[in-house]
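Working through the structure, step by step
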Amino acid sequence: MKLTRRSFLKASAATGALAALSGGVMSFERWSAKAAESSDVKMIPSICEMCGTKCGIIVKVKNGRVVKIEGNKDHPNGKGKICARGNAGMKLLYDPDRLKQPLKREGDKFVPISWEQAFREIGEKLKEIKAKYGPEALVWSTHPELVNDYEVIFNQAFGSPNLSPHAPTCYSPRNAAYKAIYGDVPTVDYGNVKYYISCGRNLVEGISVSQVTGIMKAKEKGAKIIVLDPRYSNFAALASEWVPIRPGTDLAFLLAMIYLIIKNEWYDKEFVANYTVGFDEVAAEVEKYTPKWAEEITGIPAATIERITEEFAKAKPAAVIDPGWHTSRYMNSTEMVRAGAVINALMGNLGQKGGLKFSKYNFTKVEEREGLWPKLEKPKAKRFDGAGGEKWPLAKGLGMIQMLPEHILSGEPYPIKAYIANHHNPVRSAGNSKKWIEALKKLDLVVVIDVQMSETALMAHYVLPESTYLERFDPPQIAGNAVALRQPAVKPLHNTMGADDIIKELAHEVGIGQYFNYTLEQFSDQMLKPFNVTFKQLMEKGVIALDDGKPVNKVPEIKTESKKIELSSPAFEKAGTKRVPTWVPPGVTERNGKLRFLHGHTAVHTHTSTFNNEYLHALMPENVLWINTRTAEKLGINNGDLVEVKSDYGKVTIKAKVTEAIHPDAVFMVHGFGGFSPYQKKAYHKGASTSFIVPNHAEPLSGASADCEVLVEVRKIGGGANA
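Below or above, wherever it landed, is the structure these notes cover. In this text, all values refer to a predicted model and were calculated from it rather than measured experimentally.

Re the side chain of Glu49
Here Glu49 lies in the loop between β1 (42-47) and β2 (56-62). Side-chain polar atoms of Glu49 contact the side chain of Arg472, separated by 2.7 Å. Side chain to side chain, Glu49 and Arg486 meet in a polar contact 3.3 Å long. Not counting the four nearest positions on each side in its chain, Glu49 is found in contact with Glu145, His423, Tyr469, Arg472, Asp474 and Arg486.

Structure, rendered in structure tokens:
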């Protein structure tokens with residue numbers, strides 16, 4: 001059965017994306033049942049790539065064409081459910097605008113070339129740059145996917161220390177804080193939590209399907225869900241209580257919670273005594289952070305803070321402050337995450353039912369594996385951004401890719417001459433697009449590996465088309481208590497390659513081919529060996545459970561130097577701040593009519609990668625500017641008016657959505673719209689791009705982008721239909 005655009009839109013309009021997540025009643029299941037009636041439909045277990053969550057999927061193929069994608073109930077991520085993006089994956093595969101062959105820039109145009117020519121010319125240029133400027137002249141950025149180990153090997157073998165994930169524009173504060181205090185990054189036992197507080201985490205629009213279904217089950221069982229957010233998001237609408245906090249002040253709310261928990265002895269004394277260090281230092285620091293003090297900063301009444309804190313403490317250990325995901329918002333975001341981590345420790349929730357939990361399984365780090373390649377040596381040069389160094393110790397492994405334009409243009413600490421972006425579009429996702437464009441024009445070599453002609457690809461000398469996730473194998477994945485495999489449902493439709501093969505071919509051209517003399521199957525078998533699972537077994541089953549999946553509710557090994565949760569953290573002190581959580585104000589303050597600019601995700605799009613998808617574009621073709629009713633009235637702005645949003649870094653025009661559902665000091669836009677690559681015809685110039693407004697900050701602790709630390713002026717420039 002062929003899924004048509006008309007039937008997709010009809011079903012989506014009837015049920016909505018959230019209904020698909022929470023109730024599992026979306027019409028795709030009916031389509032699935034009809035498709036399954038046909039005996040010649042092949043069902044391929046694989047892994048989605050429409051966002052970074054990597055849910056398990058079953059791809060249905062009929063007559064060599066993908067006709068349906070649905071969730072794989074055996075995969076821990078999703079457990080049989082997928083979101084609107086996952087359902088729409090086939091439109092990435094069949095997108096007429098996708099990249100179909102290698103391209104080379106000639107003047108202002110791109111011309112098709114062979115893979116052989118692309119690899120040879122890129123390899124020659126990389127060798128030339130390495131010989132003249134050193135291997136550190138190469139920066140490689142990536143949205144880390146399953147092929148990430150190949151990127152690690154390439155960069156280390158080449159000698160570059162500058163492999164950079166997109167972390168600083170996403171999760172750096174969370175990872176930096178929890179790794180310092182807990183030794184690892186936990187997640188939440190969402191399905192069993194009894195009292196849950198989100199500090200800006202929007203579970204239903206920055207979607208992890210299994211987490212959304214988990215929290216909804218918890219709510220059905222009576223859990224209380226509190227959402228701190230300047231905006232009444234869809235998650236706030238589902239919560240028990242929305243706390244409309246002033247932007248950038250969640251840290252003050254949490255510090256007052258710590259004050260109350262310690263003052264009233266609401267903490268788990270036995271857990272604190274056995275599994276933490278530094279309690280007395282925390283208690284001394286928070287004596288000044290009373291609820292009344294927090295009320296002045298947050299705008300939330302002291303009585304509300306007191307009530308929520310008491311309710312929260314009574315629910316321990318199944319009481320959780322969510323560690324967050326996209327936490328790169330403010331100059332105090334890492335400190336805010338740390339305060340939440342301390343509260344979680346005071347509740348004694350680590351390893352407990354409804355509390356925090358660590359991953360049970362991990363692959364051995366690629367640097368520690370042996371047998372398939374020569375021993376990897378740590379690059380001699382320091383990173384271009386200083387991540388992991390003396391000034392930025394907490395940014396180790398996270399990097400500060402958003403600062404690359406500054407370093408290219410300044411030539412400090414050394415010349416950067418080559419840049420490779422894999423599955424990453426920082427020109428439109430990392431802030432200050434103008435500076436990115438200016439900087440990339442200075443480079444001798446820019447190479448982009450992608451499935452579509454992104455804005456970063458527009459700046460490239462060479463564009464290498466990757467096969468979509470429905471056309472290729474990737475190295476295996478660990479998900480919860482299982483290992484899983486991404487595998488092709490159909491052969492590549494065009495002259496494309498998997499990123500693993502692209503990286504291998506580049507390696508051979510630059511003289512490090514000895515690090516890639518193996519097949520993907522051999523590489524995967526090496527990863528899977530500790531689990532007594534093989535690549536061929538995964539090809540057959542798609543997902544293999546490593547245990548019975550029953551929870552083990554006990555405190556896990558804590559991998560800090562003290563082997564305890566470090567409430568007083570030497571790592572934070574080394575990074576230049578206090579050993580215990582302390583108040584740090586946000587970087588900017590709303591003033592003189594200027595408003596704080598906020599942005600975030602929507603449930604039907606991912607970063608900048610899905611806006612040309614026909615189905616998802618139809619569901620949400622453009623964004624609008626949320627502005628508070630009182631603020632709009634002062635500015636003479638009506639619902640649907642065209643407005644200009646201007647910061648010190650640029651300006652955009654967009655329709656206004658006048659609403660009571662956002663704090664009067666702030667405005668909000670969904671991130672990712674406003675594409676300016678003419679090769680993506682549906683997304684081209686639809687909505688407004690946040691990247692022309694947001695600067696490239698580096699938050700002092702984790703190096704995160706702090707991309708909500710910007711003020712804007714809003715003015716009406718035209719009337720219009722209702723937004």
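Regarding the state of the cysteines
Tallying each qualifying case throughout the model produces zero disulfides. The thiol of Cys83 is not disulfide-bonded; the next cysteine sulfur, from Cys51, is found 5.8 Å away. By relative accessible area, Cys83 is classed as buried at 8%. Free cysteine Cys199: the closest other cysteine sulfur is in Cys708, separated by 14 Å.

Quick notes on the environment of Thr276
With respect to the helices, strands and loops of the structure, Thr276 is situated in strand β12 (residues 276-277). Judged by its relative accessible area of 7%, Thr276 falls in the buried class. Separated by 123 residues in the primary sequence, Thr276 and Ile153 place their C-alpha atoms 37 Å from one another. When residues no more than four places from it in sequence are discounted, the contact partners of Thr276 are Phe271, Ala345, Lys564, Ile565 and Leu567. Looking at Thr276, its side chain comes within polar contact range of the main-chain oxygen of Val272, at 2.6 Å.

Focus: the pairing of strand β16 (residues 445-450)
Within β16, six of the six residues are buried, which leaves it mostly tucked inside the rest of the structure. Side chains Leu445, Val447 and Ile449 of β16 all project onto a buried face; the interleaved residues Val446, Val448 and Asp450 project onto the opposite face, where all are buried too. Across five bridges, strand β15 (residues 418-422) lies against β16 in parallel orientation. Note on β16: the bridge partner recorded for Tyr419 is Val446.

Examining the sheet that holds strand β10 (residues 224-228)
The sheet built from four strands is open, its strands ordered β11-β10-β9-β13 with parallel pairing. Each edge of the open sheet carries a strand with a single partner, namely β11 (241-243) and β13 (319-321). Neighbour to neighbour, the strand axes of the sheet diverge by 15 degrees on average, direction disregarded. The pairing of strand β9 (residues 195-199) with β13 spans three bridges and is parallel. Each bridged residue has a counterpart across the sheet, and for Tyr195 the counterpart in β13 is Ala319.

Cut-off values and rules
Residues numbered from 1 in each chain as written. Predicted model: local features only at pLDDT ≥ 70, side-chain atom pairs only at ≥ 80, totals over all residues. Heavy atoms only, no water. Helix = DSSP H or I, 4+ residues; strand = E, 2+ residues; numbered from the N terminus. Polar contact = N/O pair within 3.5 Å; in protein donor to acceptor, adjacent residues only side chain to side chain. Contact = heavy atoms within 4.5 Å. Disulfide = S-S within 2.5 Å. Buried < 20%, exposed > 50% of the residue type's maximum accessible area, 1.4 Å probe, protein only. Pairing = 2+ DSSP bridges. Axes fitted to C-alpha atoms, helices over the stretch in contact; angles between N-to-C directions.

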